[in-house]
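# An overview of the molecular structure
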Amino acid sequence: MAFHAFSHAAAKALLLLGENTKPAARKAYQLMAEALDKPEGHKTARNWSVYSRVMSELWRNGWVAAGARAPNRAVHAATTAVSLDDSDYYTHWLLAYAYKIRSRSAGQFKSSWKQDMESALRHYEKALALLNKERPQNAVVAGERNAVSIERAETFVYLSEPDRALREMERIIRDPNRAKPDAWQDWAYAFALHQAGRSYEAAEICERLLVEKDANNDIRLLLAACQARCHMAMDGRQTIREFHKRRNAKSGLSAEDAEPTWTVALEIERGAFPPDMPGGGEKYWTESLVRAQLDESADTKVSIPTTSFLPSDDVILGAPRGDGATAAPGTAMQAPKPAGRKPAGRKPDGKKAPKRKAATKKKVAKKKAAKKTAKRKVAK
C-alpha cells in the first residue's frame, strides 16, 4: 500500500492535538514550526498538511486571536502540501478541511464561503478517489476511507442539507463490516441528526459517547442543545454547566493558556456555519444553544487575547497581508519561524570593518610616536 509516512514531529503534533487543550496545541505549533524550519522538513508534504491542521484547530477552538488569520494560513499551508505531493490522499483531505473551516468563519476573510465549500468538496472527492485505488480489503485503507467519507458528508450539514448528510453517513455507520467505530464519526452523525430535527436520537448517541472516560467535551455541547430541543431544560442547563466546568479545568497555569469562555457569539465567529447560509442551519443551531443557556451558565468570563503568539502574516506566508488568496499551485510557502527564536544578527559590513581596524592601528601608531618624542625630549 502506497501510504506516505508522517515525520516524527508531525506524528507527535497530531497526538498533542488529540489532547484538545490550548497548551498542547501551542506545543504542536512549535513542533511543526521547528520541523518546517529545516531543509528536509520544509520539503515534506505532510508536514505542511499537519501544520495546516494545527492552524485550523487553533482557530476553531478560540486559541488564537482573530488577527492571527489562522484559517488563511491553514489554506496556504495545505495548498503547499498538495503542490509538493498531489498523489497523497492525506494532503487533499487536509486541504479540504482547511477550506471548510475558512468557509465557516463568518465571512471574516476575503474569500467566498461558496467557493471555499466547493473547493472542500472537490478535495474530499480527490482524497477518496486516491483511497479507492488502494486495496479495499485493507483495514487501514477502509478506516481512512470511512473517516474522509464522514467528514465529507458532514460538509452538507454546514450547507443546511442534513438529510443528505445522514444518507451518506448511514451507509458507513450502519455497515456491519464497518472498521473500528470512531467517537468523532458518531458525534458527526449525532450532529446531523440534531440539525435534521431528530434530537432524541442524537441525545442517545451523545449519552453513550460520554460514558467513555476521555470523551471530548464538545459532545456535551451537542447533548445540551439536544436536551433543550427535547424540552429537557433542567438537564440541558446541567450539561452546559458541566461543559463550562471541564473547559475551565483544561486551562493551563498561565493566563495566556486559559480557555476562552465559549459563547454563542464565539461559536458563530469561529465557524458554526457559513455566513448568510440559506436553509436556516445556523439559526437552528444557535437557537438550540440559546435555549440551553450557553451564555448564562458560565461562572466566569475569559476572553480571547487580542494578541497572538503566532508570527505576523508576512513572516509566515511570505505574501502581502490581507488578501487571503490561496497560494498558487506549485508555489512553496515560506516556513513559519519557531517561537522564541531570536533573529540572527546582521554581520558587520566587510568594507567598514577593515577601516575600523586600520583606524585603530593608526591611533596606536600615533601613541607610540608620541612616546618616542617624549623620550627624546627627556634625553635632551
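Residues numbered from 1 in each chain as written. Predicted model: local features only at pLDDT ≥ 70, side-chain atom pairs only at ≥ 80, totals over all residues. Heavy atoms only, no water.

## Overview of the overall build of the protein chain
Regarding its fold elements, the protein chain presents 17 helices and zero strands. Residue pairs in contact within the protein chain that sit at least 24 positions apart in sequence constitute 68% of those at least 6 positions apart. Looking at the protein chain as shown, the accessible area adds up to about 19700 Å², and 53% of this sits on carbon and sulfur atoms. (Helix = DSSP H or I, 4+ residues; strand = E, 2+ residues; numbered from the N terminus. Contact = heavy atoms within 4.5 Å. Areas by Shrake-Rupley, 256 points an atom, 1.4 Å probe, with all protein chains shown as cover.)

## Details of the nonpolar core
Ranked by internal contacts, the top residues of the largest apolar core, which has 50 residues, are Met32, Tyr51, Leu58 and Trp93. Breaking this core down by element, the ones donating at least two residues are α1 (8-18), α2 (22-36), α4 (45-60), α5 (70-84), α6 (89-103), α7 (113-132) and α8 (139-158). The dominant element in this core, judged by the number of residues it contributes, is α6, at 10 residues. Judged by nonpolar contacts, the second largest core, of 47 residues, contains Val157, Met169, Cys206 and Leu209. (Core = buried A, V, L, I, M, F, W, Y, C linked by side-chain atoms within 4.5 Å. Buried < 20%, exposed > 50% of the residue type's maximum accessible area, 1.4 Å probe, protein only.)

## So, the environment of phenylalanine 191
Take phenylalanine 191: it is sitting in helix α10 (residues 183-195). Linking phenylalanine 191 and alanine 225, residues 34 residues apart in sequence, is a C-alpha distance of 9.8 Å.

## Topic: α7
For α7, with 20 residues, the first-to-last C-alpha span of 28 Å sits near the 28 Å given by 1.5 Å per residue. Inspection of α7 places Asp116, Met117, Ser119, Ala120, Leu121, His123, Tyr124, Ala127, Leu128, Leu130 and Leu131 among the buried residues, and these make up the whole buried set. Those residues of α7 that are buried lie in contact with α6 and α8. (Expected span 1.5 Å × (residues − 1).)

## Focus on the environment of asparagine 216
One can find asparagine 216 in the loop between α11 (199-209) and α12 (218-229). Sequence separation between asparagine 216 and glutamate 19 is 197 residues; the distance between their C-alpha atoms is 9.1 Å. In terms of polar contacts, asparagine 216 uses its side chain to reach the backbone amide nitrogen of aspartate 218, at 2.8 Å. (Polar contact = N/O pair within 3.5 Å; in protein donor to acceptor, adjacent residues only side chain to side chain.)

## A short note on the confidence of the model for the protein chain
Taken over all residues, the pLDDT of the protein chain has a mean of 81, while the share at 70 or more is 75%. By mean pLDDT, the top-scoring element of the protein chain is α11 (97), and the lowest-scoring one is helix α16 (residues 313-317) (40). Long-range and interchain partners of residues 313-332, a stretch whose pLDDT sits below 50, account for 45 contacts in this model, where long-range means more than four residues apart. Per-residue pLDDT stays below 50 along residues 340-368; that stretch engages in two contacts with residues further than four places along the chain or on separate chains. (pLDDT = per-residue confidence, 0-100.)

## What to know about the side chain of histidine 92
With respect to the helices, strands and loops of the structure, histidine 92 is situated in helix α6. For histidine 92, a relative accessible area of 3% gives the class buried. When sequence neighbours within four positions are dropped, the list of residues in contact with histidine 92 reads Val82, Asp86, His123, Lys126, Ala127 and Leu130.

## Quick look at the packing of α1 against α2
Packed helix pairs are characterised by how far apart their axes lie and by the angle those axes make with each other. One way to put it is that α1 packs onto α2 with a least axis distance of 8 Å and a crossing angle of 165°. Compared by their axis directions, α1 and α2 come out roughly antiparallel. In terms of crossing hand, the pair formed by α1 and α2 is left-handed. Across the interface between the two elements, Ala9, Ala10, Lys12, Ala13, Leu16 and Leu17 of α1 pack against Ala24, Ala25, Lys27, Ala28, Leu31, Met32 and Ala35 of α2. Grouping the amino acids of the contact of α1 with α2 by side-chain chemistry returns 11 nonpolar, no polar and two charged. (Axes fitted to C-alpha atoms, helices over the stretch in contact; angles between N-to-C directions. Parallel < 35°, antiparallel > 145°, perpendicular 65-115°, else oblique. Left-handed = near helix turned anticlockwise from the far one by under 90°. Nonpolar A, V, L, I, M, F, W, Y, C, P; charged D, E, K, R; others polar.)

## Topic: the packing of helix α9 (residues 162-173) against α10
Remark: α9 packs on α10, axes separated minimally by 9 Å, with the N-to-C direction vectors making an angle of 145°. Note on packing geometry: the crossing formed by α9 with α10 is left-handed. Contacts between α9 and α10 involve Pro162, Ala165, Leu166, Met169, Glu170, Ile172 and Ile173 from the first element and Gln185, Asp186, Ala188, Tyr189, Ala192, Leu193 and Gln195 from the second. Here the residues of the contact of α9 with α10 sort into 10 nonpolar, two polar and two charged.

## Notes on the packing of aromatic side chains
For the coordinates displayed, the defined rule picks out 11 aromatic pairs. Their ring planes at 90° and their centres at 6.3 Å tell us that tryptophan 48 and tyrosine 51 sit as a pair that is edge-to-face. With tryptophan 48 and tyrosine 51 both in helix α4 and three residues apart, the pair spans about one turn of that helix. With a relative accessible area of 0%, tyrosine 51 lands in the buried category. Judged by centre distance (5.2 Å) and plane angle (85°), the ring pair of phenylalanine 191 and tryptophan 285 falls under edge-to-face. Highlighted residues: phenylalanine 191 in helix α10 and tryptophan 285 in helix α15 (residues 281-291), separated in sequence by 94 residues. As far as the burial class goes, phenylalanine 191 and tryptophan 285 line up, both buried. When the ring centre of tryptophan 59 is taken as reference, the NZ or CZ atom of arginine 270 above it lies at 3.8 Å. (Phe/Tyr/Trp six-rings, centres within 6.5 Å; stacked < 30°, edge-to-face > 60°. Lys NZ or Arg CZ within 6 Å of the ring centre and 35° of its normal.)

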